[in-house]
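# Coordinate inspection notes
Spelled out from the first residue to the last, the chains are:
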Amino acid sequence: MIQRSERTALVTGATDGVGRLVAAQLAADGWRVLVHGRNRERGEGLVREIEQRGGSAAFLAADLASLDQVRGLAAAVVDATDRLDLLINNAGIGTVGGAPGRQTSADGHELRFAVNYLAGFLLTRLLLPLVKASAPSRIVNVSSAGQQAIDFSDVMLTRHYSGSAAYCQSKLAQILFTIDLARELAGSGVTVNALHPSTYMNTTMVRQSGMTPVSRVEDGAEAILNLAVGATVEGRSGLYFNVRREARANGQAYDAAAQARLRTLSLELTGLADKPLRA
Ligand SMILES: NC(=O)c1ccc[n+]([C@@H]2O[C@H](COP(=O)([O-])OP(=O)(O)OC[C@H]3O[C@@H](n4cnc5c(N)ncnc54)[C@H](OP(=O)(O)O)[C@@H]3O)[C@@H](O)[C@H]2O)c1
């Protein structure tokens, strides 16, 4: 069990790309870091690197394409620490990669909606009691400038699928969730913000999509850390940042009816609908 005195962060998708750098940087700054990923070898490799530099970390494995594994991850976090000052929902999959065409999660949901949004929604909701008990604390949702309004008549994209539509609606869903949750958490000492970390960073996701990287992973890590630990956003919540600048997201993000509709759907899809939201 981690001592109460240790500021603790969970970074999802910390086995690669910008999440890996953010986790390493937090550890270098004295945070105890819970490194999440699918790949045990790479996750444990990062933990070893952090420890060799005198830092403190632990690896927690979970495939976010399975809601059962998301529940297992939340339980593992609660087992590993009695405080969670920072939750960074960073794990994600891009527009292509893996099999072409529509893919589904272990639960039968459209894969990008499931991994990029729904897993983070469930993980956040399950960890909220711990995050609240650790206040002042922060939640950061790593979204994207690639955003597309959710078509509530075809959220799982069974009719008009494209990898780009799947990615962009999942990224906007994260922002609707951010703004909705910020309203719920007002006065709790927990802030929640979302961002586009940087455009076409040199990561696996971008290389797989065939795009030429135009920004550095370091740029994205700085932008994420600005929301995660930056003094200028202290106490501020429900915001969307384009890299380090506060910005306006797709208009649907600010539509309270759309937020409520997504919340209701997400509670149903994750099996939380029948459970009280506040622990
Ligand atoms: N790169 C960009 O230019 C860019 C631009 C805008 C937004 N973003 C966002 O930034 C975040 C990080 O992206 P990145 O560019 O750093 O991508 P990346 O290098 O491909 O890393 C993605 C991370 O997410 C993990 N992940 C993917 N699917 C998972 C699953 N089913 N279960 C558990 N973990 C899973 C990956 O694990 P594995 O190592 O096992 O694959 C990896 O650790 C994403 O949310 C992305 O949408 C990136």
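Below or above, wherever it landed, is the structure these notes cover.

Definitions and limits used
Residues numbered from 1 in each chain as written. Predicted model: local features only at pLDDT ≥ 70, side-chain atom pairs only at ≥ 80, totals over all residues. Heavy atoms only, no water. Patch = residues over 30% accessible without salt bridge, like charges linked within 9 Å, V, L, I, M, F, W, Y side chains within 5 Å. Areas by Shrake-Rupley, 256 points an atom, 1.4 Å probe, with all protein chains shown as cover. Salt bridge = Lys/Arg side-chain N within 4 Å of Asp/Glu carboxyl O. Helix = DSSP H or I, 4+ residues; strand = E, 2+ residues; numbered from the N terminus. Buried < 20%, exposed > 50% of the residue type's maximum accessible area, 1.4 Å probe, protein only. Near = heavy atom within 4 Å. Polar contact = N/O pair within 3.5 Å; in protein donor to acceptor, adjacent residues only side chain to side chain. 1 Å grid on protein atoms, 1.4 Å probe; cavity = no way out; pocket = protein on both sides within 12 Å on 5 of 7 lines; lining within 4 Å. Sits in = over half its atoms within 2 Å of the grid points. Nonpolar A, V, L, I, M, F, W, Y, C, P; charged D, E, K, R; others polar.

Turning our eyes to something else, we now look at a nonpolar patch on the surface. A surface patch of nonpolar side chains, amounting to about 280 Å² of accessible area, comprises Y200, M211 and V214. In this structure, Y200 sits in the loop between β6 (190-196) and α6 (204-209). Among the residues examined, Y200 registers a relative accessible area of 38% and is labelled partly exposed.

What the rule picks out here adds up to 12 salt bridges. Where R42 meets D16, a salt bridge forms, and the shortest distance between an N and an O atom there is 3.8 Å. Of the two residues, R42 sits in helix α2 (residues 40-52) while D16 sits in the loop between β1 (8-11) and α1 (17-28), which places them 26 residues apart along the sequence. With relative accessibility at 32%, the residue D16 sits in the partly exposed group. Among the salt bridges present, the one from E184 reaches R125, with a minimum N-O distance of 2.6 Å.

Every one of the 33 residues lining the ligand counts as a neighbour, but T15, N90, Y167, M201 and T203 are closest to it. At 2.9 Å from an oxygen atom of the ligand is found a main-chain nitrogen or oxygen belonging to V18. T203 places a side-chain nitrogen or oxygen 2.6 Å from an oxygen atom of the ligand. Look at the ligand: alone it shows 900 Å² of surface, and the protein chains cover 94% of it. With respect to the pocket detection grid, the ligand is positioned in the largest pocket. Put simply, the parts of the chain that give the shell around the ligand at least two residues each are α1, α5 (163-185) and α6. Classifying every residue of the shell around the ligand gives 15 nonpolar, 13 polar and five charged.

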